[in-house]
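Inside the fold
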Amino acid sequence: MATSGPTVAMDEIRKSFGPVRALDGASLKAYSGQVLGILGDNGAGKSTMIKILSGVYKADSGKIIFEGKDVEFNSPMDARRIGIETIYQDLAIVNDLSVYHNIFLAREKLWGRLPVVKLLRNGRMANDAVDVLKEVNADIQNVNVKVGTLSGGQRQVVAVARSVFFSAKVLIMDEPTASLGVVETRRVLNLISSIKERGNIAVILIAHNIQQVMSVADQVIILSRGKVVAEREVKSSSVDEVINLITTASLGSR
Amino acid sequence: MNSAGLRERLNARRIVTSREGSVMFMSVLLSIVFTSLNVNFMTERNFVTIGELITGNSVVAAGQVMLMVMGDIDLSVGAVYALTPYLVYLTYTAGMPMQIGIPLSILAAVAVGSANGLITVVLRVPALIATLGMNFVVTATNLIISNDYQQDMPYQQPYTAIFGGGKFLGIEISFIWTAFAFVILAAMLARMRHGLWSLSTGGNPAGAKEVGVNVNLTKVRNFILCSTLAGIWGLFAANHNFVFGGIGAANPLQGGDTLVLESIASAAIGGTSLFGGSGTVIGAFFGSLLISVLQDGLFITGANAYSYDTLLGIAIILSMVLNMQSRRRSRLGG
């Protein structure tokens, strides 16, 4: 388990938007091979937290420590370059492209290193796509089909497969089950479990549904008004306790 | 390509029911009808005529495909098509040989394409409006610099022959260039990174940008590509009369709005979506084949000149209906 330090840590992060204080000294730690759930009521600061970690916003103060070193992100590309991948609700998936082209989009495998003629190695990309989908236990049979023909859960799987293939070290998932049905939700939760089993990725999961988060997470943090009001190991806690913590925090802050 | 994908590709039924296949099938059907009405349709001379019609607009249509898959369009291709030959005439009469005049004229086409691209990307003007404005600007420029007069194209070998005024191995050189262009452009859209980026730019611009596709650069490149193709094939059209011992013409009204509409029609009939995200270069070729057979067949059978426009209009609407249906089908997962 967490014998070494966290893969990524956020320390005393503060962020205001004009007069609104979104984060007021919030911290988190995410470990490889584990899932950290971020819970909290609407407006608690969950989204701001992950947008800072993925390089979309810059914190007013506080530190981000990645593999023991202080890092600073000026863009989402900076975060992705060191291995922090984010999968947003509105997936960056192109429906008209095949599954394997989506997985390799903007990081294509090419023949040679010619400057103008960038020929795609489609066969190689398709084979690698099959392999990585197998690794995350996806039930997508044909990587040649257009992503638009897949279900919402399968599209989520394609997005995750892309991050896994490009050796993400931290995988942030923002409400991955928000628009999914029961079966599809199960599929995504299974996917998160199989990512966890790989042991080399720290998953940060943001979701409204407490039961869902508790069923896959190892730790949860509860945010309220931009502060972490509680931290729990899932093993030694319960859904009831967590609901209680969230409602008390929410009511107490009024 | 893995074996499942290959098998899917080689399925005969799929080829006929595919969009490109059905357009080709329609062209064959039309050819049989025209032949039954007038035996002169199935002659070598008439095939050359159809080839000339295809050469005239199909490559420009392929350029439109590259833009339309991104959800963009170029309405200034017809004006650029007339600009380049006139610039060759002007530079030649100013004392410049063609080896300078031709590159300069093509550079002008590149400049128009760059302007279209930058206006769309930097100033965020929709391509429809940006290139509509450009069409007026370049058309007016053509008329001003030419004083509205047509001029004889200068003749200087080997450049006249290379740029559409000659034959190679008994075949019109412009046919060979057209075939060559289709191979390159089809490979570009279907097999190269640029094609994948173009499709993703049309399919989900924000998402493509998010994963690292250079959406703006891809757009500008395609605007330049489309305009440059129009410029080069405009030279071929102007030099065409030299093939048969005549004299080529730099006509300020060559191409024009007819070429704009025919190039878009060819692309649309060939199955390219106007909303971006999907389309094929070879579809533009078959779209151009269909409207060329239609135009030639109606002429040869002595039909009313306006019946071509009527049928072309119907073909465009029909192809859009088919596009919407196939879009709906693919949404439903069929």
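Residues numbered from 1 in each chain as written. Chains lettered and ligands numbered in written order. Predicted model: local features only at pLDDT ≥ 70, side-chain atom pairs only at ≥ 80, totals over all residues.

**Quick word on the overall build of chain B**
Scanning chain B from terminus to terminus reveals 15 helices and four strands. Computed over C-alpha atoms, the radius of gyration of chain B comes to 20 Å, within 12% of the 20 Å expected from 2.2 N^0.38 for 334 residues, which places it in the range of a compact globule. Each principal axis of the C-alpha distribution contributes one length, and for chain B these read about 60 × 55 × 35 Å. The burial tally for chain B puts 49% of its 334 residues in the buried class. In chain B, once contacts between residues fewer than 6 apart in sequence are set aside, the share between residues at least 24 apart is 75%. (Helix = DSSP H or I, 4+ residues; strand = E, 2+ residues; numbered from the N terminus. Rg over C-alpha atoms; globule rule 2.2 N^0.38 Å. Buried ≥ 20, exposed ≤ 12 C-beta atoms within 10 Å, placed from the backbone. Contact = placed C-beta atoms within 7 Å.)

**Concerning the domain arrangement of chain A**
Residue and element names in this part refer to chain A. On domain assignment, one finds that chain A holds domain 1 (1-83 + 172-254) and domain 2 (91-166). Summarising the inter-unit geometry, the C-alpha centres of domain 1 and domain 2 are found 27 Å apart. On the domain 2 side, the residues contacting the ten residues of domain 1 number nine residues. (Domains from an automatic or database assignment.)

**Looking at the nonpolar core**
Core analysis: the biggest nonpolar cluster contains 163 residues, and Val 136, Ala 161, Val 203, Ile 204, Leu 205 and Ile 222 of chain A have the highest contact counts within it. Per-element tally for this core: the top contributor is helix H12 (residues 215-239) of chain B, with 13 residues. Composition of this core by domain shows at least three residues from each of domain 1 (1-83 + 172-254) and domain 2 (91-166) of chain A. Contact partners of Ala 161 of chain A, with chain neighbours within four places excluded, come to Ile 103, Val 132, Leu 133, Val 136 and Ala 138 of chain A. (Core = buried A, V, L, I, M, F, W, Y, C linked by C-beta atoms within 7 Å.)

**Details of the sheet that holds strand E5 (residues 69-71) of chain A**
All names here are of chain A. What the four strands build is an open sheet, ordered E2-E1-E4-E5; its pairing is antiparallel. In the strand order of this sheet, the two ends are held by strand E2 (20-30) and E5, each with one partner. If you compare each strand with its neighbour and ignore which way they point, the axes differ by 30° on average. Across three bridges, the pairing between strand E4 (residues 61-66) and E5 is antiparallel. Opposite Phe 66, over in E5, you have Lys 69 as the bridge partner. (Pairing = 2+ DSSP bridges. Axes fitted to C-alpha atoms, helices over the stretch in contact; angles between N-to-C directions.)

**Description of the interface of chain A and chain B**
Of the residues lining the interface, 25 residues belong to chain A; the matching set on chain B comes to 24 residues. The biggest single contributor to the side of chain A that touches chain B is helix H4 (residues 122-135) of chain A, with three residues. The residue makeup of the side of chain A that touches chain B, split by class, is 13 nonpolar, eight polar and four charged. (Nonpolar A, V, L, I, M, F, W, Y, C, P; charged D, E, K, R; others polar.)

**Brief notes about the pairing of strand E7 (residues 170-174) of chain A**
Residues and elements named next belong to chain A. Taking burial as the measure, the five residues of E7 include five buried ones, the bulk of the element. What you see with E7 is no split at all: Val 170, Ile 172 and Asp 174 on one side and Leu 171 and Met 173 on the other are buried throughout. Pairing analysis gives four bridges linking strand E6 (residues 84-87) to E7, with the strands arranged parallel. Among the inter-strand pairings, Ile 87 is bridged to a residue of E7, identified as Met 173. Sheet topology note: the E7/strand E8 (residues 202-206) ladder contains five bridges and is parallel. Looking at E8, one finds that Leu 171 is bridged to Val 203. Chirality of the crossover, the property in question, places the unit of E7, helix H6 (residues 182-198) and E8 among those that are right-handed. (Right-handed = clockwise from strand over helix to strand, strands pointing away.)

**Some points on helix H4 (residues 44-68) of chain B**
In this model H4 of chain B runs 34 Å from its N-terminal to its C-terminal C-alpha over 25 residues, within 8% of the 36 Å that 1.5 Å per residue would give. Considering bend angle alone, the principal kink of H4 of chain B is centred on Thr 55 of chain B and spans about 35°. (Expected span 1.5 Å × (residues − 1). Bend = angle between axes of the 7 residues up to and from the residue.)

**Focus: the packing of helix H5 (residues 77-93) of chain B against helix H6 (residues 98-121) of chain B**
All names here are of chain B. Packing of H5 against H6 brings their axes to within 8 Å, and their N-to-C directions diverge by 150°. Read as a crossing pair, H5 and H6 show a hand that is right-handed. Where H5 abuts H6, its residues Val 80, Leu 83, Thr 84, Leu 87, Val 88, Thr 91 and Tyr 92 lie against Met 98, Ile 100, Gly 101, Ile 102, Leu 104, Ser 105, Ile 106, Ala 108, Ala 109 and Val 112. Counted by class, the contact of H5 with H6 contains 13 nonpolar, four polar and no charged residues. (Left-handed = near helix turned anticlockwise from the far one by under 90°.)

**Overview of the environment of Asp 41 of chain A**
All names here are of chain A. Of note, Asp 41 is situated in the loop between strand E3 (35-40) and helix H1 (46-53). In this structure Asp 41 comes out as partly exposed when scored by C-beta crowding, with 18 C-beta atoms within 10 Å. Here the alpha-carbon distance between Asp 41 and Leu 223, two residues 182 residues apart in the chain, equals 7.7 Å. Every residue in contact with Asp 41, bar those within four places of it in the chain, is listed here: Ser 224, Ile 246 and Ser 250.

**A word on the sheet that holds E6 of chain A**
Residue and element names in this part refer to chain A. Strand order in the open sheet formed by six strands is E6-E7-E8-E3-E9-E10, and the pairing between neighbours is mixed. Strands with a single pairing partner mark the edges of an open sheet, and in this sheet they are E6 and strand E10 (227-233). When the angles between neighbouring strand axes are averaged without regard to direction, this sheet yields 20°. Its contacts with the sheet place H6 against E3, E7 and E8, and it is angled at close to 155° to E8.

**Some thoughts on helix H9 (residues 173-191) of chain B**
Residues and elements named next belong to chain B. The end-to-end C-alpha distance of H9 is 26 Å, a good match for the 27 Å that 19 residues give at a rise of 1.5 Å each. All buried positions along H9 are accounted for by Ile 173, Ser 174, Thr 178, Ala 181, Leu 185, Met 188 and Leu 189. Buried positions in H9, seen along its axis, are confined to an arc of 125° and lie on one side of it. Of the exposed residues in H9, the ones pointing more than 90 degrees away from its buried face are Phe 180 and Val 183. (Arc of directions from axis to C-beta.)

**Quick notes on the environment of Gly 51 of chain B**
Within the secondary structure layout, Gly 51 of chain B lies in helix H4. Taking the C-beta count within 10 Å as the criterion, Gly 51 of chain B has 18 such neighbours and is therefore assigned partly exposed.

**A short note on unusual backbone geometry**
With the exception of glycine, the majority of residues adopt a negative phi angle, and the majority of peptide bonds are in the trans configuration. Residues and elements named next belong to chain B. Of note, the bond from Gln 157 into Pro 158 is cis; its omega dihedral lies within 30 degrees of zero at 5°. Secondary-structure assignment places Pro 158 in the loop between strand E1 (151-152) and helix H8 (159-165). Backbone geometry at Leu 169 places phi at a positive 55°, although glycine is not the residue there. With respect to the element layout, Leu 169 can be found in the loop between strand E2 (167-168) and strand E3 (171-172).

**Quick word on the packing of helix H13 (residues 256-269) of chain B against helix H14 (residues 281-300) of chain B**
All names here are of chain B. Where H13 contacts H14, the two axes come as close as 7 Å, and the packing angle between them is 115°. Considering only the axes of H13 and H14, their crossing is right-handed. When H13 is examined against H14, the residues Glu 262, Ala 265, Ser 266, Ala 267 and Ile 269 are found in contact with a partner set consisting of Ala 284, Gly 287, Ser 288, Leu 290 and Ile 291. Looking at the contact of H13 with H14 residue by residue, the class counts come to six nonpolar, three polar and one charged.

**What about the environment of Ser 194 of chain A?**
Residue and element names in this part refer to chain A. Along the chain, the position of Ser 194 falls in helix H6. On the basis of neighbour counts, which here come to 14 C-beta atoms within 10 Å, the residue Ser 194 falls in the partly exposed class. Residues Ser 194 and Ala 138, spaced 56 residues apart in sequence, show a C-alpha to C-alpha distance of 9.7 Å. Ignoring sequence-local partners within four residues, the contact set of Ser 194 consists of Val 136 and Asn 137.

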